[in-house]
Amino acid sequence: MQISELLAIPRLHLRFLTGSEQVHRDIRLAYTTDLLEPKRYLRGGELVLTGMMWHSSPADSETFVNSLVEADVACLAAGTALGEVPSDLIEACRRHDLPLLEVPSQTSFGAVTEEVLRLLTKDRFTTITETHHRHRKLMAEVAAGADFPEVFASAAAEAGLNAWVVSSTGRQVAASGPDLPGEDLAWLAARALTRPASPFATAMPTADPATTRTVTLVPVQTRESHPLAGWTLVCAGDHADWPEETREAVAELSSIAVLARSRIEENALNEARHVEGLPRLLAAQRFDEVAALLHVGAEGAADGRPDTGHIVISAMMRPEPRVPDLARRIVCELLAEWPGAVVTGDNDVLAVVPVPESLPAAPKEEAGGRAATRRGGTGARDDSGTRAAERLRRHIGDALRVLEAGLTDHRLAIGIGSTVRGIPELRGAAVEARHARRLAELRDGRAQIIAGAEIDSHELLLASVPEEVQSSYRDRLLGPLLTYDRDHRSELVRTLERFLEHSGSWQRCAATMHVHVNTLRYRIGRIEELTGRDLSNLEHRVDLFLALKLRD
């Protein structure tokens, strides 16, 4: 409500003593006091009513008014039941630009307070009604499939908020206000992954240590939400300082984001169920049915383009999470900006990403030049396909570095196959992606990604061997050495590693280990005796080299 609304009530008989030009100031509530310095009890926006019992000298007026101005009150109303309003109070209000009303002796402070409450309640009811109708309209638009970023930006701008929706991978889903740079998005996503699921304020890092940017993070919690595959609503400012109307606007934005996220999760689940037979069909080489699932022709055509290629992705979490489809939901988020991607599986996830020969701009990047001419038949790799696979690997790698902050109890391994043309080539691409993923599982770190094109050594062979075979091979060759080292406190395994690193050079290996060559010869002889392998034989060296790699 405004001061003008209070003055318009005839029975109160209020009039300005100074500051009439500020008749449109907003009043948040009424507060009565006779304290000389009431600042600590005020929050701003009040109509302060006083009987002036604090007044004993002109200096008191200055002290009293200064306290009100520092508290940012809206207006002062002085009662005349005990006498006229002193001129020094009027002058102090004029000097500090604070509106001053006279409350005549026939008007009680209770009557003024009652009218303030009535007007505030009326305004509040009107605002609630309008907000409720607007909220229902926005929710209906999102539920009907309206563009969420557009609805979000409009609602936040109407509320006067700078706000963003950020995914767990550091993707800006929606925004009102300036777009955030990539490093800020990554920082916010990682911060959300390491905090409990409740609103909290945090200071974002800035280039200038003397300045701060405080934002509040609000989790977008759906029924199936999980921090590793969820969204966070980010609003400028500290929620502890927000007025009630800002809190309500943020709650509205949050509910809109929850609905939009729920729709995306439901659509992704339905799509995964629709294509759940894809791995089985690829293994059985039933390519016509695979093409039907992917909505392409048998030669790989999509949307009428016969030159569309595909990239296959394999992903898995270890140990298997309690949320059965968490890995699939994470992969869906990783591929959210890659149109046409198909994702299926729960923890053993398979994704197929279409790639046109003439590459469009990748998410948040510009396309790098023209597509190259294809080489070979339908399954041949070309420059555009290689660029697409590399771009996708970089994109997922950047996102995994953000996600790693929340992978405290699990490891996520991802393998990416090479780009292929034609549906029949997808079977080989899926095998390559799975091999790459198995190799990623062997490497250290909470999140690892390997592209099939990177695998051109013994690592591919090791990744393709079943885990139980790897374990048996490793234990059979290295087991005797590990046991001997444990029982004799020796260094046979370490000696073997250094000997192979130096390609069997006795002098260089001995110098590196700071031992005499005769000592090294004794140890190598012991290794050969325990393993049954001759380290002067290349094949035997390879056997032990692979066993050591399986131990890493």
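The structure this text deals with has already been given above.
Source: prediction; values computed, not measured.

### Side note on the pattern of salt bridges
At step 1: Within this structure, the stated rule accounts for 27 salt bridges.
At step 2: Between Arg11 and Glu115 there is a salt bridge; the shortest N-O distance is 2.8 Å. Separated by 104 residues along the polypeptide, Arg11 in the loop between α1 (3-7) and β1 (15-18) and Glu115 in helix α4 (residues 109-143) bring together distant segments of the chain.
At step 3: Judged by its relative accessible area of 45%, Arg11 falls in the partly exposed class.
At step 4: According to the relative accessible area criterion, Glu115 is buried, its value standing at 7%.
At step 5: Between Glu390 and Arg393 there is a salt bridge; the shortest N-O distance is 3.1 Å. Of this pair, Glu390 and Arg393 both sit in helix α11 (residues 383-403), 3 residues apart, which is roughly one turn of that helix.
At step 6: Among the residues examined, Glu390 registers a relative accessible area of 31% and is labelled partly exposed.
At step 7: The exposure class of Arg393 is partly exposed, given its relative accessible area of 23%.
At step 8: One continuous salt-bridge network, built from bridges that share partners, spans Glu62, Glu91, Arg94 and Arg95.

### Let's talk about the sheet that holds strand β3 (residues 46-50)
Strand pairs in the sheet, formed through backbone hydrogen bonds, run parallel or antiparallel to each other.
At step 1: Pairing is mixed in the open sheet, where 5 strands are placed in the order β1-β5-β4-β3-β2. At either end of the open sheet lies a strand with only one pairing partner, and these are β1 and β2 (29-32). Going from strand to strand, the sheet's axes swing by 30° on average, the running direction of each strand aside.
At step 2: Here 4 bridges tie β2 to β3, and the two strands are oriented parallel to one another. Within β3, the position partnered with Ala30 by the bridge is Leu47.
At step 3: Each of β1, β4 (75-79) and β5 (100-103) touches helix α3 (residues 87-95); the most contacted strand, β1, lies at about 80° to it.

### Focus: unusual backbone geometry
At step 1: Here the residue pair Arg318 and Pro319 is connected by a cis peptide bond, since its omega of -15° sits within 30 degrees of zero.
At step 2: Position of Pro319 relative to the elements: it lies in the loop between β11 (309-318) and α10 (326-334).
At step 3: The backbone of His13 shows a phi angle near 60°, a positive value even though the residue is not glycine.
At step 4: Within the secondary structure, His13 is located in the loop between α1 and β1.
At step 5: For His13, a relative accessible area of 46% gives the class partly exposed.
At step 6: With phi around 60°, Gln285 is a residue other than glycine that occupies positive phi space.
At step 7: Structurally, the position occupied by Gln285 is in the loop between α8 (278-283) and α9 (287-294).

### Comments concerning the pairing of β3
Remark: a regular strand shows side chains that alternate across the two faces of the sheet.
At step 1: For β3, the tally of buried residues reaches 5 of 5 residues, placing the bulk of the element in the interior.
At step 2: Neither face of β3 is open: one carries Glu46, Val48 and Thr50, the other Leu47 and Leu49, and all of them are buried.
At step 3: Note: β3 against β4, 4 bridges, orientation parallel. Residue pairing for β4: Thr50 is matched across the bridge by Ala78.
At step 4: With helix α2 (residues 58-70) bridging β3 and its parallel neighbour β4, the resulting β-α-β unit is right-handed.

### With respect to the pairing of strand β16 (residues 447-451)
At step 1: Burial within β16 is extensive, with 4 of its 5 residues counted as buried.
At step 2: Where strand β14 (residues 411-416) and β16 come together, 5 bridges link them in parallel fashion. Each bridged residue has a counterpart across the sheet, and for Gly415 the counterpart in β16 is Ile450.

### Quick look at the nonpolar core
At step 1: Counting 33 residues, the largest nonpolar core has Leu335, Ile396 and Ile414 as the members making the most contacts within it.
At step 2: Counting only elements with at least two residues in this core, the list comes to β11, α10, β13 (349-355), α11, β14 and β16.
At step 3: Not counting residues within four places of it along the chain, the set of residues in contact with Leu335 comprises Ile313, Ala341, Val343, Ala351, Val353, Leu392 and Ile396.
At step 4: Counting 22 residues, the second largest nonpolar core, distinct from the first, contains Val151, Leu161, Trp242 and Ala249.

Conventions we followed
- Residues numbered from 1 in each chain as written.
- Predicted model: local features only at pLDDT ≥ 70, side-chain atom pairs only at ≥ 80, totals over all residues.
- Heavy atoms only, no water.
- Salt bridge = Lys/Arg side-chain N within 4 Å of Asp/Glu carboxyl O.
- Helix = DSSP H or I, 4+ residues; strand = E, 2+ residues; numbered from the N terminus.
- Buried < 20%, exposed > 50% of the residue type's maximum accessible area, 1.4 Å probe, protein only.
- Pairing = 2+ DSSP bridges.
- Axes fitted to C-alpha atoms, helices over the stretch in contact; angles between N-to-C directions.
- Contact = heavy atoms within 4.5 Å.
- Right-handed = clockwise from strand over helix to strand, strands pointing away.
- Core = buried A, V, L, I, M, F, W, Y, C linked by side-chain atoms within 4.5 Å.

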